[in-house]
Amino acid sequence: MNLHEYQTKQRFAEYGIPVPMGSTATTPDEAAEIARTLGTVVVKAQVLSGGRGKAGGVKLASTPEEAREVANQILGMEIKGLTVHRVLVDPAAHIEKEIYLGIVNDRSAAKPVLIASSEGGVEIEIVAKENPKAIVREHIDPVLGLHHYQTMNVASGINLPREHWNAFSSIALKLWECYLDSDATLAEINPLVITAENQLIALDGKMVIDDNALLRHPEFEALRDTTAEPEAETRAREAGIAYVKLNGQIGCMVNGAGLAMATMDMVKLYGEADGIGPANFLDIGGGAQADRVAAALRIILSDPNVKAVLFNIFGGITRGDEVARGLLTAYNEIKPDVAMVIRLVGTNAEEGMELISNSGIPNLTGASTLTEAARMAVAAAKEGMQ
Amino acid sequence: MAIFGSKDTKVIVQGITGREGRFQTRLMIEYGTRVVGGVRAGKGGEWVEGVPVFDTVKGAVDATGADTSIIYVPGPGAADAMYEAIDAGIRLVVCISDPVPIMDMMKVSAYLKQHPETRLIGPNCPGFLTPSDRVKVGIIPGYVATPGPVGVVSKSGTLTYEVIYALTQAGLGQSTCIGIGGDPIPGTNFIEVLEMFESDPETEKVVLIGEIGGRAEIDAAAYIKSRMTKPVAAFIAGRSAPPGTRMGHAGAIVEGGEGSAEDKMNALREAGVRVADNPEQIPSLLK
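This text gives an overview of the structure that appears in the document.

Criteria and cut-off values
- Residues numbered from 1 in each chain as written.
- Chains lettered and ligands numbered in written order.
- Predicted model: local features only at pLDDT ≥ 70, side-chain atom pairs only at ≥ 80, totals over all residues.
- Heavy atoms only, no water.
- Contact = heavy atoms within 4.5 Å.
- Salt bridge = Lys/Arg side-chain N within 4 Å of Asp/Glu carboxyl O.
- Helix = DSSP H or I, 4+ residues; strand = E, 2+ residues; numbered from the N terminus.
- Nonpolar A, V, L, I, M, F, W, Y, C, P; charged D, E, K, R; others polar.
- Pairing = 2+ DSSP bridges.
- Axes fitted to C-alpha atoms, helices over the stretch in contact; angles between N-to-C directions.
- Phe/Tyr/Trp six-rings, centres within 6.5 Å; stacked < 30°, edge-to-face > 60°.
- Buried < 20%, exposed > 50% of the residue type's maximum accessible area, 1.4 Å probe, protein only.
- Parallel < 35°, antiparallel > 145°, perpendicular 65-115°, else oblique.
- 1 Å grid on protein atoms, 1.4 Å probe; cavity = no way out; pocket = protein on both sides within 12 Å on 5 of 7 lines; lining within 4 Å.
- Points joined across faces, edges and corners; volume = space filled by probe spheres on them.

### Observations regarding the interface of chain B and chain A
Phase 1 of the analysis: Of the residues lining the interface, 54 residues belong to chain B; the matching set on chain A comes to 50 residues.
Phase 2 of the analysis: Our enumeration of links across chain B and chain A arrives at three salt bridges.
Phase 3 of the analysis: The residue B:Glu162 makes a salt bridge to A:Arg343 at a minimum N-O spacing of 2.6 Å.
Phase 4 of the analysis: At the level of elements, α1 (19-31), α4 (102-113), α5 (158-169) and β13 (232-237) of chain B are the ones that each hand at least two residues to the side of chain B that touches chain A.
Phase 5 of the analysis: No other element matches α4(B), which puts eight residues into the side of chain B that touches chain A.
Phase 6 of the analysis: Tallied by class, the residues present in the side of chain B that touches chain A amount to 27 nonpolar, 14 polar and 13 charged.

Below, the structure is given as structure tokens:
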């Protein structure tokens, strides 16, 4: 789960990391009101996407009136398909130097790693490609935590002037504390700036929280921005179904994440030549009951691009007859007119397929292999597009 | 003994009184696994599926001599269950639980380095199954597998069953099938399993099933190229997944340009692996 810049900086501030003392606004008048107490401000679009500056979503304003005007321009703007509903109004900083400081999980090492670079304000991936020597790394022992000496290694490694080492070290240690407490998989300050007043301050921040840990962090659920995702994804999450909307025409309902990806891949493999691809990733989970199947089908069909639906269920815990019953219940409720191809294998698959063929539903056909199912779904979608 | 376990392996089930733990205990016993006990603090003395329940893993090990444990406790409590098994001297821990926080897994991983006598498989995995010994520790449906010479290693659950099923249909039995799990910090990785298959006399050919995210398949390709003599066929799931979006499994995300299916398929091809476009092609690539 991604946090917005303002949410990240609020959390940083709770840990004592210095951040600009701004606030957020959802209307131009609010932005002007905030600017009244701050002098020259920077108005920043709060969307979960990079490249906000380039898209015109970050602007300076020297008076409250100007703040109202730029907030009016930015609110409602679209950045990479996301509508701006909120701006952050921060006091403008006098920047002497920008650096990068972040913590991310290193999967291969099974440890978090502290990363710093003398080149702040640009994406760290770009620095890693173009000037890898500017980047310094220190692995963090997940049990012992970040050591003070490691922060000094990093300060020295990026050639930070010595007068800033103590302030830098304190920020790095607090960032680690925040990272650990939040079950983050990424926490970055970019840029961390040295101001004309010789202070270090976290001008921009980004955090990603480990989805696997959300059960023990109910506080993050309130921060989730559901306007930043398709409505169907919100509904799927509420129903406990893993769903990601894609741009193709064939809706996929599968049990298990790996098989769901493989099913999408088959749709692409056999459909790509005709411009046909998967409309979604959907893992219905183990032991799918009738009501879940119905909820999943409704979510898939809420996408108007869907021209055919492919069900691929490999029974283990999930029973084929139960899935078939769920599908028939859902069909009778929704009465979809798109073609549906179903493949059931495993526990009670034969009983399930019998239920399907006895149902007499004309737009519901069975397939025996994944290859056959994908080909049939592609053919059906092609027909549906004509 | 086959890799990981044999018909003599004594298994205890942590979280045996839960719905999933109870159900899977029955299926493991039906398949032939020697389940000798279960653990659930506060329920010691009860019986589940004909198996005695103990309050602690230590108690269960002392009473039964178990050397293998399978964990079905819910994700947030899974790390505690893993520490308990390691501290009780369990040789092999299979963790089915999902979702397990990544920070917990980094700490468990550090603890395991101090306890090299214990191996962990998972979390978020289906466990393993060896058809010739009728032993399964996990949730792979027994009926899809049949004894034979093919070793199967995978990050997935149902996609693994799909491939095992296709092998069985094509008359290619399996030596051992193992799912290492789809999480970013797995207890056992591809290379460790490939090493075991390479030295396992019952395994003649190997199937590797990977997916987008991380670089485990790239590392596996390097190992295969430099060390492996047995033929390997592979399938990588997620070619149609957009970058930056998590696909169900916590580890299945292409980040910063790393972890794409194409890169992994290319690395495996360069290592001499036969890479399938379609998981149902795998049996034909092994012939």
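Next comes the rest of the description.
### So, the sheet that holds strand β8 (residues 127-130) of chain B
Phase 1 of the analysis: Pairing is mixed across the open sheet formed by seven strands, whose spatial order is β9-β8-β11-β10-β12-β13-β14 (chain B). Looking at strand neighbours, the two that pair on one side only are β9 (135-138) and β14 (274-275) of chain B, the edges of this open sheet.
Phase 2 of the analysis: Pairing geometry for strand β12 (residues 205-211) of chain B and β13(B), over six bridges, is parallel. Bridge pairing in β13(B) links B:Ile209 to B:Phe235.
Phase 3 of the analysis: Strand contacts of helix α9 (residues 257-271) of chain A: β12 and β13 of chain B, with the helix running at about 90° to β13(B), the strand carrying the most contacts.
Phase 4 of the analysis: Where α1(B) meets the sheet, its contacts fall on β8 and β9 of chain B, and the angle it forms with β9(B) comes to roughly 165°.

### Concerning the packing of aromatic side chains
Phase 1 of the analysis: The final tally for this structure, using the stated rule, is five aromatic pairs over all chains.
Phase 2 of the analysis: Measuring from centroid to centroid gives 5.9 Å for A:Trp176 and A:Tyr179, while their planes differ by 25°, and the two rings are stacked. In this pair, A:Trp176 and A:Tyr179 both sit in helix α6 (residues 165-182), three residues apart, roughly one turn of the helix. Each member of the pair, A:Trp176 together with A:Tyr179, is buried.
Phase 3 of the analysis: Pairing A:Phe314 with B:Tyr165 gives two aromatic rings, centres 5.5 Å apart and planes at 80°, and the pair type is edge-to-face. Taken as a pair, A:Phe314 in strand β17 (residues 308-315) and B:Tyr165 in helix α5 lie in two separate chains rather than in one.

### Focus on the packing of helix α3 (residues 78-87) of chain B against α4(B)
All names here are of chain B.
Phase 1 of the analysis: Packing of α3 against α4 leaves a shortest axis separation of 10 Å and a crossing angle of 10°. The orientation of α3 relative to α4 falls into the category roughly parallel. Contacts from Ala79, Met82, Tyr83, Ile86 and Asp87 in α3 reach Asp104, Met105, Lys107, Val108, Tyr111 and Leu112 in α4.
Phase 2 of the analysis: Each residue belonging to the contact of α3 with α4 can be placed in one class, and the counts come to eight nonpolar, no polar and three charged.

### Section: the layout of surface pockets
Phase 1 of the analysis: In this structure, the second largest pocket spans a volume of roughly 630 Å³.
Phase 2 of the analysis: Along its surface, the second largest pocket is lined by 26 residues, and A:Ser108, B:Pro186, B:Gly187, B:Asn189 and B:Glu192 are the ones closest to its centre.
Phase 3 of the analysis: Counting only elements with at least two residues in the lining of the second largest pocket, the list comes to α4, β7 (119-121), α6 (190-199) and α7 (216-227) of chain B.
Phase 4 of the analysis: Residues belonging to the lining of the second largest pocket are distributed by class as follows: 11 nonpolar, seven polar and eight charged.

Function cannot be read off these values alone, since they describe shape.
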